[in-house]
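One letter stands for each residue in the lines below.
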Number of protein chains: 2
Amino acid sequence: MTMTLRELDQRMDLFRSRCMERGLALTHQRWVIYRILAGTDKHLTPEAAFGQIRKQIPSISLATVYKNIKTFLDVGLLQEVGTSGQMMRLDANLDPHHHLVCVRCKAIQDLSAEGLRPVRLKGRLPKGFRVERFNVTFLGLCGQCSPRYTASTRH
Amino acid sequence: MTMTLRELDQRMDLFRSRCMERGLALTHQRWVIYRILAGTDKHLTPEAAFGQIRKQIPSISLATVYKNIKTFLDVGLLQEVGTSGQMMRLDANLDPHHHLVCVRCKAIQDLSAEGLRPVRLKGRLPKGFRVERFNVTFLGLCGQCSPRYTASTRH
DNA sequence: GTATATGCAAAACCTTTGCTATAGT
DNA sequence: ACTATAGCAAAGGTTTTGCATATAC
């Protein structure tokens, strides 16, 4: 866990002010849902978040979690990580950054944009395309899954 | 359409030889499914491909299309483009390349790896992570969707 | 008090699976 | 002939929707 409490507090402050700006009610559920998503760097799936959230609000419904995730995506409090096919992966890190994706266990780690030399185009983009942002995805095996370790490990 | 007939023929040659190597039967369905997917640079969804394929084989079933897509992914005749959430997007371009994704209409265009100066790390990757490959996704608005055009266009 | 959000159940959507018949080698 | 594949229908998993009740403002 690289997330400090101070960083989480900052995220929750942003959450509160963004909700007020957008006229979103500060419900207990909404608060807890965002706190779980913002309090980890693991890029949770909705299902996984639901599991955590339910520990705090046993009566919460999965639909509420989904509805709020959608709201958070709409107002820019959350981003979706582009994965292939499977479940939605959520990211409350709003700073420019990239991703390391383990092709085996599907873990996703962040890599700060400062960790990379600027990406630069050689030529020209297709006519008319306006880039808003970009992100680099590194695919490979994480420490847990890389052969060095798995060779001596039961699967 | 940037795909030439010659390029498509090359892809179909690879398809044939890869099937033989792997002991995959060259059925009419399999051939047509791959030809549709390999004959466009639009990164079709399974559903969209099914629509095209059905024009040539009206009796084909969607399950057959899915099964073959999975097979093609397994044997490396196809790759999946990492999108956020929605449907699977397929890519028969096996050369190193990146993607331009329109956030509005979801169109995906290829950008050859030569179009980009090499991506380079400044620091070190998280301990133990072994990169196999990487890809850059540029998000923005395509020519069709960019404000310049939409301002004078009905939605 | 009014608007918005929750919870529930049902639906929608995309993808996979099991099985029998059919086609490829 | 033997093995792999197609087609069908049914199931599986994820996400969305509609509506009545409850909560925030």
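Below: a short report on this structure. (Residues numbered from 1 in each chain as written. Chains lettered and ligands numbered in written order. Predicted model: local features only at pLDDT ≥ 70, side-chain atom pairs only at ≥ 80, totals over all residues. Heavy atoms only, no water.)

A word on the relation of the copies chain A and chain B
Under the fitted operation, chain A is carried onto chain B by 0.0 Å of movement along the axis and a turn of 179°, and the coordinates agree to an RMSD of 0.2 Å. Viewed as a symmetry operation, the transformation between the two copies matches a two-fold axis. Proximity to the rotation axis, assessed at the C-alpha, singles out Val 136 of chain A in chain A; its C-alpha lies 2.2 Å from the axis. The residues that chain A uses at the interface reappear at the interface of chain B in 100% of cases, marking a shared surface. (Least-squares fit on C-alpha atoms with pLDDT ≥ 70 in both. Contact = heavy atoms within 4.5 Å.)

Points about the protein's contact with DNA strand C
The full set close to DNA strand C counts 23 residues, and Gln 29, Arg 30 and Lys 67 of chain A together with Leu 26 and Tyr 66 of chain B are the nearest of them. Expressed as a percentage, the sugar and phosphate content of the atoms of DNA strand C within 4 Å of the protein is 77%. The side chain of Thr 64 of chain A places a nitrogen or oxygen atom 3.3 Å from a phosphate oxygen of DNA strand C. Between DNA strand C and Lys 67 of chain A there is a distance of 2.5 Å, counted from a base oxygen to a side-chain nitrogen or oxygen. Contributions of two or more residues to the surface near DNA strand C are made by α2 (28-38) and α4 (62-74) of chain A together with α4 (62-74) of chain B. Class assignment for the residues of the surface near DNA strand C results in 12 nonpolar, seven polar and four charged. (Near = heavy atom within 4 Å. Polar contact = N/O pair within 3.5 Å; in protein donor to acceptor, adjacent residues only side chain to side chain. Helix = DSSP H or I, 4+ residues; strand = E, 2+ residues; numbered from the N terminus. Nonpolar A, V, L, I, M, F, W, Y, C, P; charged D, E, K, R; others polar.)

Here's the deal with α2 of chain A
For α2 of chain A, the complete set of buried residues consists of Arg 30, Val 32, Ile 33, Tyr 34, Ile 36, Leu 37 and Ala 38 of chain A. Tucked inside the fold, the buried residues of α2 of chain A contact α1 (5-21), α3 (46-56), α4 and β2 (89-91) of chain A. (Buried < 20%, exposed > 50% of the residue type's maximum accessible area, 1.4 Å probe, protein only.)

What to know about the layout of surface pockets
Residue and element names in this part refer to chain B. Of the volumes computed, that of the second largest pocket is approximately 820 Å³. If you go around the second largest pocket, you meet 33 residues; those closest to its centre are Thr 2, Asp 41, His 43, Gln 109 and Asp 110. Those elements giving two or more residues to the lining of the second largest pocket turn out to be α1 (5-21), β2 (89-91) and β4 (108-112). In terms of residues, the lining of the second largest pocket owes the most to one element, β4, which gives five residues. A class-by-class count of the residues in the lining of the second largest pocket yields 14 nonpolar, 10 polar and nine charged. (1 Å grid on protein atoms, 1.4 Å probe; cavity = no way out; pocket = protein on both sides within 12 Å on 5 of 7 lines; lining within 4 Å. Points joined across faces, edges and corners; volume = space filled by probe spheres on them.)

A word on α4 of chain A
Residues and elements named next belong to chain A. In this model, α4 (13 residues) spans 18 Å end to end at C-alpha, consistent with the 18 Å of a helix rising 1.5 Å per residue. The set of residues buried in α4 consists of Val 65, Asn 68, Ile 69, Thr 71 and Phe 72. Taken end-on, α4 shows its buried residues confined to a sector of 160°, consistent with a single buried face. Seen from the buried face of α4, the exposed residues on the opposite side, beyond 90 degrees, are Lys 67, Lys 70 and Asp 74. Looking at the buried positions of α4, the neighbouring elements they touch are α1, α2, α3 and β2. (Expected span 1.5 Å × (residues − 1). Arc of directions from axis to C-beta.)

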